[in-house]
Every structure is written in structure tokens, then in C-alpha cells.
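Chains, contacts and geometry: an overview
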Amino acid sequence: MNDSDPASLADIHSHLVPGVDDGSRDLDDTLTSVERLSRFGIRKIITTPHLDGSLTHSPEALEARLSEVDRAFDAAAEAVGLRFPEIEFRRGHEVMLDVPDVTFDDPRMRLAGTSFVLVEWPRLHLPPGTIQVIRRIVAGGFRPIIAHPERYIGIDKELDLAVQWRAAGAFLQVNYGSLDGRYGADAKSTAMRLLRRGWVDYLASDFHGRPDRKIYESEARELLHDLGAGEALGHLALTNPARVFRDELPLPVAPLPPEQGFWAKVKSMLGTDDL
Ligand SMILES: [Fe+2]
């Protein structure tokens, strides 16, 4: 497989391990989801069930949870391998930073066992001290990818936090659905502002494995093509997520072209735009 092939997209955030979180309920959900993702050209998947980082304070509880996910993932991976041999199906976790000192020593907590870790803060609220938390993860030798930063409440008012996270060694992953308004107007405009600054490293589905949910990959792809950001899209959806599988750092993503149109010009004249 070649990561310059447009028909080999990679996805590093989804909830397709059956029965372990709010994603796929059973193997049928998982197989249907993989089939739907494959229709978009996705050929490499790292699925990422939720995991509370505070479990790392209790080795027995952590092992119990990881073993539960192991069993469900192994069964799903076998079925996916038989039905879709062309798809590389791996696992990691989306780790909730519900304590500031989560450790990532167990490779099962990381994306396909690499040095990359997908992280989020609880309930879409940013606690104080997020930069220090990122620094601690990086100092431990790991590469944090912050899941859907555009969805945090109030992030639109303090977007500079994103550049500080990046300076501390984090990478940013925006959800496809955010670009189509799936999480509301604020998340969409924040996602676009992050993209216009060139601060986003990855796009991902965050697909929760239910037949009644949309995936939004094609809507996002269409939007970025219409904005003339085809090259950035290639990095965000294909090259950079594929590099995670090889434990390689993402390539820089060119900022999206500035906002066009009458109101963008007015905002620019008033000095209120923040591109
Ligand atoms: Fe998620």
C-alpha cells in the first residue's frame, strides 16, 4: 500500500471495537462501519475506544479494562481481516485526561503501539494547566494528538491555546463532521480558523459505529476541494494519518486560503478578522 494513493486514506480516530464504549454495539455494527469507511477509500484504520486515563493510577483496574478491550478487538480484527483483507485494522485508545498525570507506558494505550497517543479532556471543558499536561506527556517520550480541539467549549475565545499546545509538542486532529456543522456553528468556525492557520495535522472520522450515523468524510472533502485546499486535504486525510502507522511525525500542512466574500472583507477592514 502506498500513502500517495488517493484510494488509501487512513483514519486514526473511531469507536469500532464492539461493546466496549458508546461506539459499535456488536460485530455487525463493526463490519458495517468498516465497509462504509472503505467506500470512502479508507484502507487503514486505527480504532480508538474510550479509556479513562485515571485508570493508570490503578494497575489492576487498567489491566482489567485493557484485557476487556483486547478480547473484543481481537474478535473484531479477525472478522474484519476475513471480510476485508485489503484493510489494515489496528487499535489504540482515545484517552481521557481526567487526571493530569496519565502514563502511557502500556503500548495498548497508544495508536497501533507507536509513540502517538490520542487524548481528550473530560466533558468538552478545558481544565487549567493543559499546556503542562501536554509537556508532561511529551517529556515521557510520547507524541500527544489532541482529539477534536474545535469542540471544546470556549476554545473559540482562546484559540492561541492551540498554538501553545503545538509548541509544547502536541498535534491536532479535527473531526470531518466539524467541517459540515455536525457539532454546531462554533465548532465549525473554530475548525476552519485552525485550518486557515495551518495548525491542524490530521482529519479523522471519530465514527461511533452505528448504522444511523453519518461519517461526513465526503462532505469535508468536498468543502476543502471547493476552497482550493486539495493538497492540504491530502496531507490531513492521507499522508499524515498513514505516517502515524509508521511512527513518523506529520508533514506540515499548508494553511487554507483566507476567507473570501463580502463579510470577510468587512472584518478585515475593521481589523476584526483573526486569520
Ligand atoms: Fe472519539
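Structure first, text after, so check above.
So, here's what we can say about the structure. Keep in mind it's a predicted model, so treat the numbers as computed, not measured.

1. Quick look at the overall build of the chain
Within the chain one finds 9 helices and 9 strands. Taking 19 Å as the expected radius of gyration for a compact globule of 275 residues, we find that the chain reaches 18 Å, a close match to that expectation. Considering only C-alpha atoms, the chain reaches an extent of 60 × 40 × 30 Å along its principal axes. Residues classed as buried in the chain amount to 43% of the 275 residues present. A separation of at least 24 residues holds for 74% of the contacts in the chain among residues at least 6 apart in sequence.

2. Considering the packing of helix α1 (residues 27-39) against helix α2 (residues 59-83)
Where α1 contacts α2, the two axes come as close as 10 Å, and the packing angle between them is 45 degrees. On the basis of the axis angle, α1 is oblique to α2. The chirality of how α1 crosses α2 is right-handed. Facing α1, whose interface residues are L27, T30, L31 and V34, α2 presents A75, A76, A79, V80 and R83. In terms of residue class, the contact of α1 with α2 is made up of 7 nonpolar, 1 polar and 1 charged.

3. Here's the deal with the pairing of strand β6 (residues 116-120)
With 5 of 5 residues buried, β6 lies mostly within the body of the structure. The alternating pattern of β6 places F116, L118 and E120 and V117 and V119 on opposite faces, both of which are buried. Of the strand pairs in this sheet, β6 and strand β7 (residues 143-147) are connected by 4 bridges, and their pairing is parallel. Note that in β7 the partner of F116 across the bridge is R143.

4. Comments concerning the sheet that holds strand β1 (residues 9-11)
Read across the sheet, 3 strands follow the order β1-β2-β4 without closing on themselves; strand pairing throughout is parallel. Whereas interior strands pair on both sides, the edge strands pair on one side only; in this sheet they are β1 and β4 (88-91). Across the sheet, the mean angle separating the axes of adjacent strands is 15 degrees when strand polarity is ignored. Note that strand β2 (residues 42-47) and β4 share 4 bridges and pair parallel.

5. Some details on unusual backbone geometry
Phi is positive for A112, which is not a glycine, with a value near 50 degrees. Assignment of secondary structure puts A112 in the loop between β5 (94-96) and β6. For Y216, which is not glycine, the phi dihedral falls at a positive 70 degrees. Looking at where Y216 falls in the secondary structure, it is placed in the loop between β9 (202-204) and α7 (217-226).

Parameters and conventions
Residues numbered from 1 in each chain as written. Predicted model: local features only at pLDDT ≥ 70, side-chain atom pairs only at ≥ 80, totals over all residues. Helix = DSSP H or I, 4+ residues; strand = E, 2+ residues; numbered from the N terminus. Rg over C-alpha atoms; globule rule 2.2 N^0.38 Å. Buried ≥ 20, exposed ≤ 12 C-beta atoms within 10 Å, placed from the backbone. Contact = placed C-beta atoms within 7 Å. Axes fitted to C-alpha atoms, helices over the stretch in contact; angles between N-to-C directions. Parallel < 35°, antiparallel > 145°, perpendicular 65-115°, else oblique. Left-handed = near helix turned anticlockwise from the far one by under 90°. Nonpolar A, V, L, I, M, F, W, Y, C, P; charged D, E, K, R; others polar. Pairing = 2+ DSSP bridges.

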